[in-house]
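# Remarks on the overall topology
Letter by letter, the chains look like this.
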Amino acid sequence: MKEITFKAFAITHEIDLNKIAIHCGIPKKFTWEQPLILKGDILESILHQNVDDSQMVLVFSFGSIVFTNHTHEDEIKGLLHFIHSFEQDFEIEHADRYSDDYCLHICETENIELTDEYVVVPEYEDFYPELISTVIAKSVALEKTEEQLGKIHDKLETMIDRLEKGKLRIGNKELARTTAKIVRHEYNTLAYIMILDKPDITWTSSTAGDFYDRMLEFFELNDRYKILKSKTEILYNIMDGFSTISHSIRGLFVEWIIVTLIVVEIGLSILEIGGWL
């Protein structure tokens with residue numbers, strides 16, 4: 001049985017593929033949906049060691065990296081240090097916080113078998129490594145975003161607790177910061193990870209398209225995407241409610257100040273008329 005291993009990391013929100021490609025001497029402009037594939041001489045020049053023909057690294061613009069047939073930690077750390085020289089907003093020590101391992105087994109079988117840890121196919125096709133890498137790269141990126149969504153929920157829960165105690169005092173800056181986190185979450189998830197976009201090979205090969213769809217379904221990427229989208233809409237509704245309440249409280253406070261000033265002015269007028277001032 002032939003085996004190909006995959007190890008995926010979600011390290012940041014965005015990686016500039018074109019900047020890395022220029023450094024590596026790759027004469028190609030990459031779009032969002034295309035991964036940067038490092039292999040052969042280019043990978044050897046980065047790691048400063050010989051690499052096998054089956055080894056490669058796929059770098060995705062939405063912040064994920066997938067290592068194919070790399071089993072040594074030194075190789076992985078070396079590549080992470082290389083990426084860090086271009087994108088410094090992640091910590092190499094915590095790069096494995098959002099990660100996943102997967103395997104491709106090629107053996108005599110009638111049907112493709114999918115599990116949580118591996119997929120078994122009857123014969124090797126060139127598109128398998130890229131399609132598997134794409135799916136698990138999106139999966140770990142979603143995992144990272146799902147946790148960040150939980151942090152936003154925790155922040156809103158604190159606001160709700162304050163509201164229940166009648167102590168909701170939220171400034172415009174705090175509302176703006178929280179709303180910006182929600183917008184950033186939506187951008188990173190719904191727009192940038194591009195769950196609904198498919199690799200080009202799936203449009204020209206029905207076999208590749210069927211395999212990719214099965215991988216998407218097994219990893220529940222579309223369902224997770226819909227859940228995140230639904231939760232994001234709920235967050236916007238909650239923030240609208242907070243904003244309305246906060247503005248109402250501030251408006252009521254201003255009205256009371258105006259009423260107080262009017263009362264004071266009337267009082268002063270009465271004192272003047274009575275000769276006490």
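Rules and cut-offs
Residues numbered from 1 in each chain as written. Predicted model: local features only at pLDDT ≥ 70, side-chain atom pairs only at ≥ 80, totals over all residues. Heavy atoms only, no water. Phe/Tyr/Trp six-rings, centres within 6.5 Å; stacked < 30°, edge-to-face > 60°. Buried < 20%, exposed > 50% of the residue type's maximum accessible area, 1.4 Å probe, protein only. Patch = residues over 30% accessible without salt bridge, like charges linked within 9 Å, V, L, I, M, F, W, Y side chains within 5 Å. Areas by Shrake-Rupley, 256 points an atom, 1.4 Å probe, with all protein chains shown as cover. Salt bridge = Lys/Arg side-chain N within 4 Å of Asp/Glu carboxyl O. Helix = DSSP H or I, 4+ residues; strand = E, 2+ residues; numbered from the N terminus. Pairing = 2+ DSSP bridges. 1 Å grid on protein atoms, 1.4 Å probe; cavity = no way out; pocket = protein on both sides within 12 Å on 5 of 7 lines; lining within 4 Å. Points joined across faces, edges and corners; volume = space filled by probe spheres on them. Nonpolar A, V, L, I, M, F, W, Y, C, P; charged D, E, K, R; others polar.

## Structural notes on the packing of aromatic side chains
- Enumeration over the complete set of coordinates arrives at 7 aromatic pairs.
- Note on Phe 218 and Phe 219: the rings are 6.0 Å apart at their centroids and 70 degrees apart in plane angle, and the pair reads as edge-to-face.
- Among the residues examined, Phe 218 registers a relative accessible area of 32% and is labelled partly exposed.
- An aromatic cluster is present here, built from Tyr 102, Phe 218 and Phe 219 joined pairwise through their rings.

## With respect to a nonpolar patch on the surface
- A cluster of nonpolar residues, Ile 258, Ile 262, Ile 266 and Ile 270, forms a patch on the protein surface that exposes about 360 Å² of accessible area.
- Mapped onto the fold, Ile 266 is located in helix H8 (residues 221–273).
- Note on Ile 266: relative accessible area 46%, which makes it partly exposed.

## Remarks on the pairing of strand S3 (residues 56–59)
- Burial along S3 is two-sided: the residues Met 56 and Leu 58 and Val 57 and Val 59 are all buried.
- Of the strand pairs in this sheet, strand S2 (residues 36–39) and S3 are connected by 4 bridges, and their pairing is antiparallel. Residue pairing across strands places Lys 39 opposite Met 56, the latter belonging to S3.
- Sheet topology places S3 next to strand S4 (residues 64–68); 4 bridges connect them, and they run antiparallel. Residue pairing in the sheet places Leu 58 in a bridge with Val 66 of S4.
- Hairpin connection of S3 to S4: 4 residues between the antiparallel strands, including Gly 63 at a positive phi of 100 degrees.

## Quick notes on empty space enclosed by the protein
- One pass over the full model with this rule turns up 2 cavities of 30 Å³ or more.
- Taken as a whole, the largest cavity holds about 100 Å³ of empty space.
- Along its surface, the largest cavity is lined by 13 residues, and Glu 33, Thr 134, Lys 138, Met 194 and Asp 197 are the ones closest to its centre.
- Residue classes in the lining of the largest cavity are distributed as 6 nonpolar, 2 polar and 5 charged.

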